[in-house]
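Tertiary structure, described
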Amino acid sequence: NLSSPTMFLLLVFSSAYRARVTLCLCFSLIYLVTVRGNLFIMTLIWLDVHLHSPMYFFLGHLSFLDICYSSITLPKILRDSFSLQRTMSFVGCITQIYFFLCFGGSECMLLGAMAYDQYLAICHPLHYLSVMSKKMCHCLAAVSWLSSSLSSLIQAFLTAHLPFCRCSMIDHLFCEMPFLLKASCSPNAPLNKAALYALAGTIAMGSFLLTLVSYIHIIGAVLQKGAGTQRSFATCTSHLTVVSLFFGAGAIAYLVPHSSSSKQMDEALALLYAIVTPMLNPVIYSLRNSEVKGAIRKAL
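Analysis parameters
Residues numbered from 1 in each chain as written. Predicted model: local features only at pLDDT ≥ 70, side-chain atom pairs only at ≥ 80, totals over all residues. Heavy atoms only, no water. UniProt positions renumbered as here; feature names shortened; annotations may be inferred. Helix = DSSP H or I, 4+ residues; strand = E, 2+ residues; numbered from the N terminus. Expected span 1.5 Å × (residues − 1). Buried < 20%, exposed > 50% of the residue type's maximum accessible area, 1.4 Å probe, protein only. Axes fitted to C-alpha atoms, helices over the stretch in contact; angles between N-to-C directions. Parallel < 35°, antiparallel > 145°, perpendicular 65-115°, else oblique. Left-handed = near helix turned anticlockwise from the far one by under 90°. Nonpolar A, V, L, I, M, F, W, Y, C, P; charged D, E, K, R; others polar. Polar contact = N/O pair within 3.5 Å; in protein donor to acceptor, adjacent residues only side chain to side chain. Contact = heavy atoms within 4.5 Å. Core = buried A, V, L, I, M, F, W, Y, C linked by side-chain atoms within 4.5 Å.

1. Here's the deal with the UniProt feature "transmembrane region" (unreviewed entry) in the protein
Mapped onto this numbering, the UniProt entry annotates "transmembrane region" (unreviewed entry) at residues 28–49, 97–116, 137–158, 196–223, 235–256 and 268–287. A distance of 32 Å separates the end C-alpha atoms of residues 137–158, which is 100% helix and 0% strand.

This is the structure in structure tokens:
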């Protein structure tokens, strides 16, 4: 017969194990839905001729980014679900930060490019095909990838050269810039933090302002031109939903001050913009977009 303290410890460990298994299954399901959903959107855009337009060209890039975005965080979180010692090498941490910032910045700029595409289609339909040509689409996609790669490379390089305390730990689900800066022993950490936030903020704020200005003009055109333009505006609702999710969660996570008492809130926000949003994007575009729903019906 087992003594009561031993029985209590067994119950505690078994309940903790069940909780880990449940979390692991949830994260595995989210990752599976993210990869399959975004691959489905990419395949649909490639196969359906009616989706060979600039908006869906950018959506294909966005779906690919969502797969990459979740792939740099979720596998590590899944491994840590059953690991007693959740460690990561310094080089691995900096690499994860680089790719996380690179894919996040590219997504920001692609969302801005999609807003500009909607602006041209609704406000200047006669000039749309001449302005938003195939060459222009490839240029916008290339600028999104290259500028975010360069910005994230500079940020990762500056972070890697900060001195860190020997006993420092990052108490977070994955390596993320604010938590890594908090672990630095350097007296210049606030200056580095300001420089890093300026680089990230330039991309994020530039894309957000482009999106905001585009939709101000779109709403103005819809109110002026009436019913025909309102039907065109219906295709913007999917993009607006994705923009609200991405920028809203990112702004709360990076602009709200982090405190030691809000660890659960920090992790919930990190899960929202790093894991849940890439999973929801294909669902939003499938359910809210009539052209995508038509393509799905034809494919089935």
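Further notes follow.
2. A word on helix α6 (residues 134–160)
With 27 residues, α6 ought to run about 39 Å at 1.5 Å a step, and its terminal C-alpha atoms sit 39 Å apart, in line with that. Within α6, burial applies to Cys137, Ala141, Ser144, Ser148, Ser151, Ser152, Gln155, Ala156 and Thr159.

3. Topic: the packing of helix α4 (residues 90–123) against α6
Each pair of packed helices gets described by two things: the angle between the helix axes and the distance between those axes. With their axes 8 Å apart at the nearest point, α4 and α6 run at an angle of 150° to one another. It follows from the interaxial angle that α4 and α6 lie roughly antiparallel. Remark: the crossing between α4 and α6 carries right-handed chirality. Class assignment for the residues of the contact of α4 with α6 results in 15 nonpolar, nine polar and no charged.

4. Digging into the side chain of asparagine 38
The topology assignment puts asparagine 38 in helix α1 (residues 4–47). One polar contact links the side chain of asparagine 38 to the main-chain carbonyl oxygen of proline 278, over a distance of 3.2 Å. Aside from chain neighbours lying at most four places away, what touches asparagine 38 is Val33, Ser63, Asp66, Ile67, Pro278 and Pro282.

5. With respect to the nonpolar core
By size, the foremost hydrophobic cluster in this structure holds 55 residues, and its most contacted members are Leu59 and Leu111. Of all elements in the fold, only α1, α2 (54–71), α3 (74–80), α4, α8 (189–225), α10 (236–255), α11 (263–288) and α12 (290–299) reach the threshold of two or more residues within this core. When residues in this core are grouped by element, the largest group, 12 residues, is from α4. Once you skip the residues sitting within four places of it in the chain, leucine 59 turns out to touch Ile41, Ile45, Met114 and Tyr285. If you look at the next biggest cluster of nonpolar residues, it comprises 11 residues, including Ile94, Ala156, Cys175 and Met177.

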